[in-house]
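Below, each chain spelled out in residue letters.
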Amino acid sequence: MAIDIKEEIANYLLNNCFLIGNVDSTREKYYYVINHEEAFRSIFQPIGYTLVIHRNLRVVQLVNNHGTGRLSLKKYESIMLLIFRLLYVEKRESLSTNIDEVVATVEEVKNEYEKLNLPKKFDRALLEDSMRNIKRYNLVQPLDKLLDMNARIQIYPSVMLAMPDTNISKAYEQTSAYLQQYVNSDEEEEADD
């Protein structure tokens with residue numbers, strides 16, 4: 001029995017939250033949703049979801065109207081997600097608006113992480129463990145094996161939607177403030193020990 005394309009895409013969205021239009025593996029699905037927007041809205045509306053299309057980012061997002069089904073990230077996964085978002089914002093501001101692909105190196109991620117002076121040191125295991133959930137939800141994708149500092153990680157525009165929507169400058173400031181909270185909380189944890 002062949003699976004209906006709408007059913008396949010609907011299940012993909014339920015499992016991954018985002019469809020990215022400028023990624024080869026999801027481009028076709030993204031444009032199918034764009035071309036059949038009302039049909040997908042009618043699929044998700046009765047079960048309490050809203051289909052949100054961010055054409056400027058080329059991202060389709062599925063949002064639960066009841067606030068349930070949210071992913072709970074561990075502390076270091078949250079920190080890494082914020083670092084990816086920060087790098088995305090910095091690179092989007094410095095890149096030509098024609099470029100769809102935002103890529104960071106492991107070294108860039110490490111440099112941002114080390115600015116926080118966290119007790120847990122940055123290493124490959126920390127990066128891989130943190131990325132496991134983050135990449136599952138179409139937020140980032142390693143382009144190389146994460147074996148050295150030059151390994152590349154593509155950061156998808158959906159990283160901007162994993163948190164409240166703001167403009168790029170505000171997002172940069174907000175992300176920096178969130179990361180600063182982790183620095184302060186770790187200093188307090190060390191003082192308590």
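Residues numbered from 1 in each chain as written. Predicted model: local features only at pLDDT ≥ 70, side-chain atom pairs only at ≥ 80, totals over all residues. Heavy atoms only, no water.

Participant: Describe the overall build of the protein chain, and please don't skip the residues or the numbers.
Facilitator: Within the protein chain, the regular secondary structure consists of seven helices and six strands. The N-to-C order of helical and strand elements in the protein chain reads α-β-α-α-β-β-α-β-α-α-β-β-α. Across the 193 residues in the protein chain, those meeting the buried criterion constitute 42%. Sequence-distant contacts in the protein chain: of pairs separated by 6 or more residues, those separated by 24 or more amount to 61%. Summed over all atoms, the accessible surface of the protein chain reaches about 10900 Å², with 47% contributed by carbon and sulfur. (Helix = DSSP H or I, 4+ residues; strand = E, 2+ residues; numbered from the N terminus. Buried < 20%, exposed > 50% of the residue type's maximum accessible area, 1.4 Å probe, protein only. Contact = heavy atoms within 4.5 Å. Areas by Shrake-Rupley, 256 points an atom, 1.4 Å probe, with all protein chains shown as cover.)

Participant: Got a sec to walk through the packing of helix α4 (residues 75–94) against helix α5 (residues 106–114)? Specific residues and values, please.
Facilitator: The interhelical angle for the contact between α4 and α5, taken along N-to-C directions, is 115°, at an axis separation of 10 Å. The two elements α4 and α5 cross, and the hand of that crossing is right-handed. Residues Y76, I79, M80, I83, F84, L86, L87, E90 and K91 of α4 lie in contact with α5, whose contacting residues are E108, V109, E112 and Y113. The residue inventory of the contact of α4 with α5, partitioned by class, reads nine nonpolar, no polar and four charged. (Axes fitted to C-alpha atoms, helices over the stretch in contact; angles between N-to-C directions. Left-handed = near helix turned anticlockwise from the far one by under 90°. Nonpolar A, V, L, I, M, F, W, Y, C, P; charged D, E, K, R; others polar.)

Participant: With reference to specific residues and values, describe helix α6 (residues 124–136).
Facilitator: Between the first and last C-alpha of α6 there are 18 Å, a value that for 13 residues agrees with the 18 Å anticipated at 1.5 Å per step. Taking the largest bend as the criterion, α6 deviates by roughly 30°, centred on S130. Residues L126, L127, S130, M131 and I134 constitute the buried set of α6. Structurally, α6 contributes buried residues whose contacts are with α4, α5, β5 (140–142) and β6 (152–155). N138, located one to two residues past α6, shows a positive phi value of around 55°. (Expected span 1.5 Å × (residues − 1). Bend = angle between axes of the 7 residues up to and from the residue.)

Participant: Any chance you could break down the sheet that holds β5 for me, citing the residues and the numbers?
Facilitator: Pairing in this open sheet of three strands is antiparallel, and the strands run β4-β6-β5 from one edge to the other. Of all the strands in the sheet, just β4 (102–105) and β5 have a single pairing partner and so form its edges. Direction aside, the axes of adjacent strands within the sheet are offset by 30° on average. Both β4 and β6 contribute to a ladder of four bridges, which runs antiparallel. Bridge pairing links A104 to I153 in β6. With respect to the sheet, α5 is in contact with β4 and β6, its orientation differing from that of β4 by roughly 70°. Relative to the sheet, α6 contacts β5 and β6, its axis offset from that of β5 by approximately 130°. (Pairing = 2+ DSSP bridges.)

Participant: Go over the nonpolar core, please, and point to the residues and values.
Facilitator: The biggest cluster of nonpolar side chains holds 40 residues, and the ones touching the most others in it are F84 and L127. Here this core takes 11 residues from α4, the largest share from any one element. Not counting the four nearest positions on each side in its chain, F84 is found in contact with V109, L127, M131, I134, V140, I153, I155 and V159. Residues I9, Y30, F40 and F44 belong to the second largest nonpolar core, which totals 14 residues. (Core = buried A, V, L, I, M, F, W, Y, C linked by side-chain atoms within 4.5 Å.)

Participant: How would you summarise the pairing of strand β2 (residues 49–54) if you had to cite specific residues and measurements?
Facilitator: Of the pairings in the sheet, the one linking β2 to strand β3 (residues 59–64) comprises six bridges and is antiparallel in character. Counterpart to Y49 in the pairing with β3 is N64. Hairpin connection, β2 to β3: the antiparallel pair is bridged by four residues, and R58 has positive phi, about 60°.

Participant: Which residues make up the sheet that holds strand β1 (residues 18–20), and what values do they have?
Facilitator: If you walk across this open sheet you meet the three strands as β1-β3-β2, and the pairing is antiparallel. The open sheet has two free edges, formed respectively by β1 and β2, since each of these has just one partner strand. Across the sheet, the mean angle separating the axes of adjacent strands is 15° when strand polarity is ignored. As paired strands, β1 and β3 are joined by three bridges and run antiparallel to one another. Among the inter-strand pairings, L19 is bridged to a residue of β3, identified as V60. Across the face of the sheet, helix α2 (residues 24–35) comes into contact with β1, β2 and β3 while running at roughly 105° to β1.

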